[in-house]
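As a plain string of letters, each chain reads:
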Amino acid sequence: MRSIKTLLGSSLLALTLTAGHVVAAETKAPIHFGDITWESGSFITEVLRLIVEKGYGYPTDTLPGSTVSLEAALAKNDIQVIGEEWAGRSPAWVKAAAEGKVFGLGDTVKGATEGWWVPEYVIKGDPERGIKPLAPELKSVADLPRYKDVFKDPEDPSRGRFLNSPTGWTSEIVNSQKLKAYALNDSFVNFRTGSGAALDAEVASSIKRGKPVLFYYWSPTPLLGRFKLVKLEEPPFDAEAWKTLADANNPNPKGTRSMPASLAIGVSAPFKAQYPELVTFFEKVDLPIDLLNQTLAGMSEKRQQPRQVAEAFLRDQPQVWKPWVPGEVANKVSGSL
């Protein structure tokens, strides 16, 4: 009898261990998305995560980092997805892509742009608000030195203030090099905001108060959906000049407008090999820029969380996202909402 009990106990233990191994085998590791801090990137990331989770059944999470650190992490497969990658901009991305470590999937937002902007009323005035034009002939970056007093820096009144990107963004490096290339360091302070949200708040506050402000910005963004802005002209794009702007250590940068925007979903090589169905989905993502700007403007004005806005977008705009995925996946996503 004792031997039978022992045998039964051993069998139950074996079954328990086997069941445990099956459960462990079925547990899916989360797909790591980069935790992007700017509005469009965070919104797009949540749209992708919701479809991946609800439609395909894969768990996801996010890991924080700057643009530069997230690209480095993607190349090492420490994260698997960057929801909004301005492909080909940074030397780190170009190197990793050439080595086959990262891939930019799709053409997610057509018509995206970046550059240096001022509110329209700085040039044209705004009679309804009693604002006179302060820089009526301002058209290009070459005109900025004679208007430095218009954009006076409160901490250094002898120079104007240029609002740059936060440190750690690829665009911060490019803008700092542009200030050198355009010989503007003597007439403008290179002011770095602490975060994308801080840059947004500084610009929005100035516009609401009718104050002149010179700043770097991009689209898709809430600001371009809310305010009338003018993008300053720069020299035509030159690929060789761009390399000098993207290199923070280049002592003699040459001026050029930014590289034509190519927004994609960045993925690591292991991800691309492991999740072919998600690769097919990512390659079809296409967000209309006007609708995206309007969505981001509402998110900013109402102070909503990106995931909340992403859920509303998936619920209210099925005609936009359903063509990206198979019908059964779309039904699962819709059912979850």
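The written sequence of each chain sets the order in which its residues are numbered from 1. With the structure being a predicted model, the display of local features is reserved for residues of pLDDT at least 70 and the display and counting of side-chain atom pairs for 80 or more, all residues being used for whole-chain, interface and lining totals. Calculation of side-chain values draws on the structure's entire complement of heavy atoms; hydrogens and water are dropped beforehand.

A.B. asks: Tell me about the environment of Q274, and name the residues and values.
C.D. replies: Strands here are runs of E lasting at least two residues and helices are runs of H or I lasting at least four, both read from the DSSP assignment and numbered beginning at the N terminus. Topologically, Q274 is positioned in helix α10 (residues 269-274). Between buried and exposed lies partly exposed: a residue is buried under 20% and exposed over 50% of the maximum accessible area for its type, with that area taken using a 1.4 Å probe on protein chains only. Residue classification places Q274 among the exposed residues on the basis of a relative accessible area of 52%. There is a polar contact of 3.3 Å between the side chain of Q274 and the side chain of Y275. Under this definition, polar contacts are N or O atom pairs within 3.5 Å; protein pairs additionally need one hydrogen-donor-capable and one acceptor-capable atom, and for neighbouring residues in sequence, both atoms have to be side-chain atoms.

A.B. asks: Outline the layout of surface pockets, listing residues and values.
C.D. replies: Vacant regions in the atomic arrangement are exposed by a probe of water-molecule size rolled over the atoms. Roughly 440 Å³ of volume is contained in the largest pocket. Residue lining of the largest pocket: 17 residues in total, with E39, A197, D200, S300 and R303 positioned closest to the centre. Contributions of two or more residues to the lining of the largest pocket are made by α2 (39-56), α7 (196-208) and α12 (289-301). In terms of residues, the lining of the largest pocket owes the most to one element, α7, which gives 6 residues. The way it works is a 1 Å grid over only the protein atoms, where trapped points that fit a 1.4 Å probe form a cavity and open points with protein on both sides within 12 Å along at least five of seven lines form a pocket, and then any residue with an atom within 4 Å of a point lines it. Grid points are joined across faces, edges and corners, and a volume is the space filled by probe spheres set on the points.

A.B. asks: Break down the packing of aromatic side chains for me, with residues and values.
C.D. replies: Any two of the Phe, Tyr and Trp rings considered here, Trp counted by its six-membered ring, make a pair once their centres fall within 6.5 Å; the pair's planes then place it as stacked at under 30 degrees, edge-to-face at over 60, or tilted in between. Applying the stated criterion to the full structure yields 15 aromatic pairs. With a centroid separation of 6.4 Å and 45 degrees between ring planes, the pair formed by F151 and F188 is classed as tilted. With a gap of 37 residues between them, F151 in the loop between α5 (120-124) and β6 (160-164) and F188 in strand β7 (residues 188-192) connect regions that are remote in the sequence. The exposure classification of F151 matches that of F188, with both residues buried. An angle of 5 degrees between the planes, with centres 5.8 Å apart, marks the rings of F271 and F282 as stacked. Taken together, the residues span a long stretch of sequence, with F271 in helix α10 and F282 in helix α11 (residues 276-284) at a distance of 11 residues.

A.B. asks: Before we move on, can you summarise the domain arrangement of the protein chain with the specific residues and values?
C.D. replies: For the protein chain, the domain assignment lists domain 1 (31-110 + 262-335) and domain 2 (113-246). Domain borders in the structure are assigned automatically or taken from a domain database. A separation of 28 Å is found between the C-alpha centroids of domain 1 and domain 2. Listed per partner, the contact involves 22 residues of domain 1 and 17 residues of domain 2. Here the quantity called buried area is the total loss of accessible area, with a 1.4 Å probe, experienced by two parts when brought into contact, counted for both. Together, the buried faces of domain 1 and domain 2 total about 1,600 Å²; carbon and sulfur atoms form 60% of this surface. Note on contacts: a residue pair qualifies if any of its non-hydrogen atoms lie within 4.5 Å across the two residues.

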